[in-house]
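Remarks on the overall topology
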Amino acid sequence: MKSYRKELQFNLPSRRAYVNITQQVEKCLAESGVQEGLVLVNAMNITASVFINDDESGLHRDFERWLEKLAPEKPYSQYDHNGYEDNADAHLKRSIMGREVVVAITDGRLDFGTWEQIFYGEFDGKRTKRVLVKIIGE
Ligand code: ZN
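Quick look at the environment of N11 now. Mapped onto the elements of the fold, N11 is located in the loop between β1 (2-10) and β2 (17-20). In the structure, N11 is positioned 119 residues away from R130 in sequence and 9.0 Å away in space, judged by C-alpha atoms. The residues touching N11, leaving out its near neighbours within four places in the chain, are K126, R127 and T128. Of note is the side chain of N11, whose polar atom sits 3.3 Å from the backbone nitrogen of R127.

Below, the structure written as structure tokens:
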């Protein structure tokens with residue numbers, strides 16, 4: 001069995017953003033040489049997510065509004081977690097959007113459903129964060 005590990009780094013200029021990382025994951029897959037297996041992609045920080053959805057800007061604005069309704073950033077004082085930090089909303093948003101995705105690898109390609117793309121979701125940016133790509137298979 002082959003095994004491959006790589007960390008991707010992100011340092012986004014805004015507090016919140018979505019980045020399509022599908023091509024970066026495909027590059028990892030090509031480097032791994034795996035033809036049949038699984039790829040795990042997970043955020044290595046508890047205020048960021050990795051998720052799969054459509055690469056459509058209207059949908060991304062909808063995510064932003066929806067998450068702000070569920071876990072508004074402000075006022076910071078509404079959260080017990082805030083005090084030393086101001087990022088309670090980011091922890092909650094990350095929990096909603098998820099930590100990781102797993103995608104099947106078939107014939108050396110990501111075996112996606114229609115319109116599926118992999119995104120990095122940042123909820124407390126302006127600092128360096130990591131995403132793990134782990135690939136196993138033959
Ligand atoms: Zn925190």
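Looking now at the nonpolar core. Of all hydrophobic cores here, the largest spans 23 residues; its most connected members are I21, V39, V41, I118, V131 and I135. Listed by contribution, the elements that provide at least two residues to this core are β1, α1 (22-32), β3 (37-43), β4 (48-53), β5 (100-106), β7 (117-122) and β8 (129-137). Look past the residues within four positions of I21 in its chain and what remains in contact with it is F10, V41, I118, F119, Y120 and V131.

This next bit is on the coordination of the zinc ion. At 2.0 to 2.2 Å from the zinc ion lie its protein donor atoms, namely H81 (NE2), E85 (OE), N87 (OD1) and H91 (NE2). Because the angles between the four donor atoms bound to the zinc ion fall within 83 to 155°, the donor set is best described as irregular. Ordering the donors of the zinc ion by residue number gives the pattern H-x3-E-x1-N-x3-H.

This part takes up the pattern of salt bridges. Enumeration according to the criterion identifies 17 salt bridges in this entry. Across the pair D86 and R15 runs a salt bridge, and its minimum N-O distance is 3.5 Å. Of this pair, D86 sits in the loop between α2 (57-70) and α3 (88-97) while R15 sits in the loop between β1 and β2, placing them 71 residues apart in sequence. Judged by its relative accessible area of 13%, R15 falls in the buried class. Connected through shared salt-bridge partners, R15, R16, E64, E68, E73, D86, D89 and K93 make up one network.

Let's shift gears to the packing of aromatic side chains. In total, this model carries seven aromatic pairs according to the counting rule given. Their ring planes at 75° and their centres at 5.6 Å tell us that F51 and F63 sit as a pair that is edge-to-face. Separated by 12 residues along the polypeptide, F51 in strand β4 and F63 in helix α2 bring together distant segments of the chain. Like F51, the residue F63 is buried in the burial classification. Plain terms: the ring middles of F63 and W66 are 6.5 Å apart, the flat faces sit at 50° to each other, and that makes the pair tilted. Here the residue F63 and the residue W66 both occupy positions in helix α2, the gap between them amounting to three residues, near one helical turn. Note on F63: relative accessible area 11%, which makes it buried. Among the residues examined, W66 registers a relative accessible area of 42% and is labelled partly exposed. Taken together, the ring pairs connect Y18, F51, F63, W66, F119 and F123 into an aromatic cluster.

Moving on, we get to the sheet that holds β7. One open sheet holds the three strands; their spatial order is β2-β7-β4, and the pairing between them is antiparallel. The outermost strands of the open sheet, each flanked by one partner alone, are β2 and β4. Going from strand to strand, the sheet's axes swing by 30° on average, the running direction of each strand aside.

What counts, and where the lines are drawn
- Residues numbered from 1 in each chain as written.
- Predicted model: local features only at pLDDT ≥ 70, side-chain atom pairs only at ≥ 80, totals over all residues.
- Heavy atoms only, no water.
- Helix = DSSP H or I, 4+ residues; strand = E, 2+ residues; numbered from the N terminus.
- Contact = heavy atoms within 4.5 Å.
- Polar contact = N/O pair within 3.5 Å; in protein donor to acceptor, adjacent residues only side chain to side chain.
- Core = buried A, V, L, I, M, F, W, Y, C linked by side-chain atoms within 4.5 Å.
- Buried < 20%, exposed > 50% of the residue type's maximum accessible area, 1.4 Å probe, protein only.
- Donors = N, O, S within 2.8 Å, 3.2 Å for Na, K, Ca; no water.
- Tetrahedral: all angles 85-135°; square planar, octahedral: opposite > 155°, others 65-115°.
- Salt bridge = Lys/Arg side-chain N within 4 Å of Asp/Glu carboxyl O.
- Phe/Tyr/Trp six-rings, centres within 6.5 Å; stacked < 30°, edge-to-face > 60°.
- Pairing = 2+ DSSP bridges.
- Axes fitted to C-alpha atoms, helices over the stretch in contact; angles between N-to-C directions.

Distances and angles like these do not, on their own, reveal function.
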